[in-house]
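Observations on the model geometry
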Amino acid sequence: HIETDSISPDILIVGAGFGGVYTLYHLRKLGYSVRIFKAASDLGGVWRNNCYPGARVDSEVPIYEFSLEELWREWTWTEKFPGYKELRLYFDYVDRKLDIRKDIVFNKYVVKAVFETDTARWKVMAEDGTVVHPRFLVLCIGFAAKAYVPDLKGIESFQGISHHTAKWPEEGLDLKGKRVGIIGTGASGVQVIQEIAEDVEQLTVFQRTPNYALAMRQSKLDKSGQDKMKVLYPAIHKHRRETSFGYRYQPFPKNLFDTTPSERLLHFEEQWALGGFHYLIHNYADIGVNQAANDEVYDFWKNKVRERLHDPDVQEKLAPSIPPHPFGAKRPSLEQNYYEIYNRPNVKLIDLGQCSIVEVTPNGILTADDIEHKLDVIIFATGFDSVTGGITQIDIRGLGGKSIKDKWAEGIATNLGLATAGFPNMFFMYGPQSPTAFCNGPTCIEIQGDWIVNCIEHMMSNELTCINAQEEAEKEWRRQVLLLGSISLVTKAKTSWYLGSNIPGSYFTLNLYRMALLT
Ligand code: NA7
């Protein structure tokens, strides 16, 4: 091991996305020595890892940015929903303003962390042998740090090019004139499909479950318009902390069947016209818990989608008469021209429910109808071992040498989704049992980041050595998370990263905090 105590900080943060940068900035301002270890070669978190064609955020500005005035005051976005290139430029700008990079050690992939009781410090090891001994360990690795590729028969035999969306080559990939197959129609799949369909010779989409995608209604932004809006930013950023999803808008404070059919049709049309997540979030308060209300929301969505598709068979595959899961039980993507793509002659949709994948062959993908789909490129838009996968792939050992993976194999337990008993002086954010999937990233991160920073400051200024989550407290938090999950229709989806059930043999419980709003 290379002992590098010269960089052993008071606090080690893992990850340099929104969470890592926010926490570093605030802890450093308090005078502590802080370092970030970052696996990639630059900052930007999820926007560093995801550079597949069409990668873009589904939350609009100024909701999706830091709320620090020293940052938003001089920054101008060019689009309401920025793409990954602009988000990377934003992180460059953040670095220029806050001088972040100087405290990040890049290409440091953390593989192990052991809590040493005699010194009450963590011993953290990176893949290259670097070892540091921070007092506090803060994991800001996001919920999508571990990509998932299904274990398909013959996968190694494919002679063409294949990539997972989160492992896309930085230099890009020329898909012009290629026969491309894509597995997965989640947020990443939808974005890739609509971006590449026009360029490729043939696009074959292997869909297991249709995405209930919503119209993004993207728009260009200019400086003068944004400058005028900036007088509202403090209120907008304050308000986003107070809404249940961390956005500008809340669920509509009425139950669906307390309205007339005409009233709700008007409401649906208005939310639809606004675009983004309005139709999901600012819909009636009970659509997440009442199946009959949810069915109405689904039917309106289905009819809107079907209007855009020419082929009745494709209509049924993309917007089925019988919903495979409740509306909102899985995260809808925001789309720009996703549905029109399926009217193109070079796009083929394979419904894996009707015809499953038998194996990957050297030349493509063989389906159960004995057709070999000849492909030059296979794109795995198959998601992540989400939420816990990024944490448990690090060999983290707390009191008594117990590993976090073993602890959570018996069921996830955290206190407030911020810490877990037996792992003192360690915090995580935007992870298990916190609002994660149900909260705009920067909002959740700033709230959790403030809590962690305040806690560390309290300990440092009072010369307290150790903080450890209490088992009783985490039992109560787990009870609340599961209770909220149990009344939510979210648990009705068959395969969902919200439940961990997208990974074969994994959990099937809502391990995220989902606020329930009932009127
Ligand atoms: P998601 O949303 O988990 O989507 C993964 C997709 O891959 C989804 O359509 C899955 O189908 C599909 N999938 C997964 N395994 C298989 C197998 N074995 N065969 C066929 N299809 C499969 O990941 P994304 O990267 O799109 O988005 C993740 C989050 O990142 C997103 O919610 C945003 O918050 C950002 P399924 O629906 O499970 O039937």
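Presented here is a report on the structure given in the accompanying data block. (Residues numbered from 1 in each chain as written. Predicted model: local features only at pLDDT ≥ 70, side-chain atom pairs only at ≥ 80, totals over all residues.)

1. What about the sheet that holds strand β8 (residues 136-139)?
Within the open sheet, the 5 strands sit side by side as β4-β3-β2-β8-β20. Their pairing is parallel. What marks the edges here is a single partner per strand, and that holds for β4 (104-105) and β20 (426-428). Pairing analysis gives 4 bridges linking strand β2 (residues 11-14) to strand β3 (residues 34-37), with the strands arranged parallel. Looking across to β3, one finds that isoleucine 11 is bridged to valine 34. Those strands touched by helix α1 (residues 18-29) are β2, β3 and β8, and its axis lies near 165° from that of β3. (Pairing = 2+ DSSP bridges. Helix = DSSP H or I, 4+ residues; strand = E, 2+ residues; numbered from the N terminus. Contact = placed C-beta atoms within 7 Å. Axes fitted to C-alpha atoms, helices over the stretch in contact; angles between N-to-C directions.)

2. Re the site of the ligand
Taken together, 22 residues lie around the ligand, and Pro150, Gly184, Gly186, Arg208 and Gly383 are the ones closest in. The element contributing the most residues to the shell around the ligand is helix α5 (residues 187-196), with 3 residues. Here the shell around the ligand is composed, by residue class, of 9 nonpolar, 11 polar and 2 charged. (Near = placed C-beta within 6 Å. Nonpolar A, V, L, I, M, F, W, Y, C, P; charged D, E, K, R; others polar.)

3. Some points on the nonpolar core
Among the nonpolar cores identified, the biggest contains 141 residues, and Ile13, Val21, Leu137, Val138, Ile182 and Ile193 are the most heavily contacted of them. Contacts of valine 21, omitting those with residues within four sequence positions, involve Ala16, Leu43, Val94 and Ile100. (Core = buried A, V, L, I, M, F, W, Y, C linked by C-beta atoms within 7 Å. Buried ≥ 20, exposed ≤ 12 C-beta atoms within 10 Å, placed from the backbone.)

4. Observations concerning helix α10 (residues 291-306)
End to end, α10 covers 22 Å across 16 residues, agreeing with the expected 22 Å (1.5 Å per residue, within 8%). When α10 is considered as a whole, its buried residues turn out to be Ala293, Asn294, Glu296, Val297, Tyr298, Phe300, Trp301 and Val305. In this fold, the buried residues of α10 make contact with α8 (261-274), α11 (312-318) and α12 (338-341). (Expected span 1.5 Å × (residues − 1).)

5. A few points about the sheet that holds strand β18 (residues 377-380)
Spatially, 5 strands are ordered β9-β18-β10-β11-β14 in an open sheet, and the strand pairing comes out parallel. Bordering the open sheet on either side are β9 (161-164) and β14 (347-351), each of which pairs with just one other strand. For this sheet, the mean inter-axis angle between neighbouring strands, taken without regard to orientation, is 15°. Across 4 bridges, the pairing between β9 and β18 is parallel. Paired with isoleucine 161 across the bridge in β18 is valine 377. Packed onto the sheet, α5 meets β10 (179-183), β11 (202-207) and β18 and runs at close to 160° relative to β10.

6. What to know about the pairing of strand β15 (residues 357-361)
Here β15 pairs with strand β16 (residues 364-367) via 4 bridges, running antiparallel. Note on β16: the bridge partner recorded for glutamate 359 is leucine 366.

7. Describing unusual backbone geometry
Residue proline 62 is reached from valine 61 by a cis peptide bond, and omega for that bond is 5°. Tracing the sequence through the fold places proline 62 in the loop between α2 (46-49) and α3 (69-72). Its identity as a non-glycine residue notwithstanding, arginine 217 has a phi of 55°, on the positive side. Turning to its location among the elements, arginine 217 is positioned in the loop between β12 (214-215) and α6 (223-229). For arginine 217, a count of 16 C-beta atoms within 10 Å puts it in the partly exposed group.

8. Topic: the packing of α1 against helix α15 (residues 441-461)
At their nearest, the axes of α1 and α15 sit 9 Å apart, and the two run at 35° to each other. When you trace α1 past α15, the crossing you get is right-handed. Residue-level contacts link Phe18, Gly19, Tyr22, Thr23, His26 and Leu27 of α1 to Gly441, Pro442, Ile445, Glu446, Gly449, Ile452, Val453 and Ile456 of α15. Counted by class, the contact of α1 with α15 contains 8 nonpolar, 5 polar and 1 charged residues. (Left-handed = near helix turned anticlockwise from the far one by under 90°.)

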